[in-house]
Amino acid sequence: MAVPTTTGSDQGLPPGLADATRDETSLRRFLLGLPGVDQVGVEQRAAGLATRSIKKASKLWAIDTAITMIDLTTLEGADTVGKVRSLCAKARRPDPERSEVPQVAAVCVYPDLVPTAVDALRGTQINIASVATAFPSGRASLAVKIADTESAVEAGATEIDMVIDRGAFLSGRYGQVFDEIKAIKAACGSTHLKVILETGELVTYDNVRRASWLALLAGGDFIKTSTGKVSPAATLPVTHVMLQAVRDWHTATGELRGVKPAGGIRNTKDAIRYLVAVHEVAGPEWLSPNLFRIGASSLLNDLLMQRRTQLEGHYSGPDYVTVD
């Protein structure tokens, strides 16, 4: 693999972190020297925080906060222009009968459907996210990955969700993964980059920690758990490890980077558990769509139903919200 180049993500970093990106050997030494994750400890803490209860007034706040953090997603081979337009309409007005319900953070689609989302979301602050870099496998040449990214950006995407080459990472080719993330970050320009680790394939929490730091060192604005195409997808313990990484990154550099769990978060109870984890592990500063997102396709419906229950005192049922 080529020696990692300096394109800006390591400029101004503390010496220890800047030195880590100097060459392949330094990068490997840094990543393998990270403290190991206490598996029992992280799983017990995640389980303990998941039992926290939230009172009624706070629950309504949590529901609205979770809505603002959703990347409303459709990534199916059968996606159509009509389906994306319908999704964008829901993103703009999640509950047609309640104008006070906040809009979601972003709509996430395949690159060829970005122009449809751009047109449907014009005049809003909703971001247009697009997967790229041979999603979901990440197995393509760097030239193809860059072209994929540039195409989505030129079409109007304001966020790119890239996938790392897990085969390269698991083979210990950390420098190759680092170089690819930096190259995609450069291709993004001012467009935000979310780096998908596909944690379900990384096997260990130690690998999740190493991949998180690798993505941060290479310039990722967000680290994201999953493509949603591999099981397990997002889990609370894995998200704890990633939240620890961005918290420690902030301590070391003063920079704020985000986390996005995606896949398998389908109901309000789960969403609130993730918000509690954000508050307790990273800190309240991360309770913002600028720093925390939830990738989901069906979660919004349950949040809307539970929101009505909080306000009306009875369960409304799924017929009162749009399915897509």
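A brief structural summary. Quick caveat, the model's predicted, so the values are computed rather than measured.

## A word on the side chain of D165
Next up, step 1: Tracing the backbone shows D165 in the loop between β4 (159-163) and α8 (166-170).
Next up, step 2: Residue D165 is classed as buried on the basis of its relative accessible area, which comes to 7%.
Next up, step 3: Polar side-chain contacts of D165 include one of 3.0 Å to the backbone nitrogen of G167.
Next up, step 4: Not counting residues up to four positions away in its chain, the partners in contact with D165 are G138, R139, K145, Q176, V177 and E180.

## Notes on the pattern of salt bridges
Next up, step 1: Taken as a whole, this structure holds 27 salt bridges when the rule is applied.
Next up, step 2: Between R98 and E312 there is a salt bridge; the shortest N-O distance is 2.7 Å. With R98 in the loop between α5 (81-92) and β2 (106-109) and E312 in helix α13 (residues 299-312), this residue pair connects regions lying 214 residues apart in the sequence.
Next up, step 3: A salt bridge links R273 to D270; the shortest N-O distance between them is 3.2 Å. Taken together, the positions of R273 and D270, both in helix α12 (residues 268-282) and three residues apart, correspond to about one turn of that helix.
Next up, step 4: Shared partners join several salt bridges into a network, and the residues in it are D71, E159, D161, K194, K224, K260 and R293.

## Observations concerning the packing of aromatic side chains
Next up, step 1: As enumerated under the stated definition, the model contains four aromatic pairs in all.
Next up, step 2: Ring pairing ties together the aromatic residues F30, W213 and W249, which thus form one cluster.

## Thoughts on the layout of surface pockets
Next up, step 1: In this structure, the largest pocket spans a volume of roughly 570 Å³.
Next up, step 2: Lining the largest pocket are 29 residues; nearest its centre among them are T73, G228, G263, A296 and S297.
Next up, step 3: Listing elements by their share of the lining of the largest pocket, those giving two or more residues are β1 (70-73), α5, β8 (294-296) and α13.
Next up, step 4: In terms of residue count, α5 provides more of the lining of the largest pocket than any other element does, three residues in total.
Next up, step 5: Classifying every residue of the lining of the largest pocket gives 10 nonpolar, 11 polar and eight charged.

## Remarks on the pairing of β2
Next up, step 1: The side-chain alternation of β2 yields two buried faces, one formed by A106 and C108 and the other by V107 and V109.
Next up, step 2: Inspection of the sheet shows β1 paired to β2 by three bridges, in the parallel sense. Residue pairing across strands places L72 opposite V107, the latter belonging to β2.
Next up, step 3: With four bridges connecting them, β2 and strand β3 (residues 127-132) associate as parallel partners. Looking across to β3, one finds that C108 is bridged to A129.

## Concerning the pairing of strand β5 (residues 192-196)
Next up, step 1: The buried fraction of β5 amounts to four of the five residues, a majority that puts the element mostly inside the structure.
Next up, step 2: Inspection of the sheet shows β5 paired to strand β6 (residues 222-224) by three bridges, in the parallel sense. The residue bridging V195 from the neighbouring strand is I223, located in β6.
Next up, step 3: Crossover β5 to β6 through helix α10 (residues 205-217) is right-handed.

What counts and what doesn't
- Residues numbered from 1 in each chain as written.
- Predicted model: local features only at pLDDT ≥ 70, side-chain atom pairs only at ≥ 80, totals over all residues.
- Heavy atoms only, no water.
- Helix = DSSP H or I, 4+ residues; strand = E, 2+ residues; numbered from the N terminus.
- Buried < 20%, exposed > 50% of the residue type's maximum accessible area, 1.4 Å probe, protein only.
- Polar contact = N/O pair within 3.5 Å; in protein donor to acceptor, adjacent residues only side chain to side chain.
- Contact = heavy atoms within 4.5 Å.
- Salt bridge = Lys/Arg side-chain N within 4 Å of Asp/Glu carboxyl O.
- Phe/Tyr/Trp six-rings, centres within 6.5 Å; stacked < 30°, edge-to-face > 60°.
- 1 Å grid on protein atoms, 1.4 Å probe; cavity = no way out; pocket = protein on both sides within 12 Å on 5 of 7 lines; lining within 4 Å.
- Points joined across faces, edges and corners; volume = space filled by probe spheres on them.
- Nonpolar A, V, L, I, M, F, W, Y, C, P; charged D, E, K, R; others polar.
- Pairing = 2+ DSSP bridges.
- Right-handed = clockwise from strand over helix to strand, strands pointing away.

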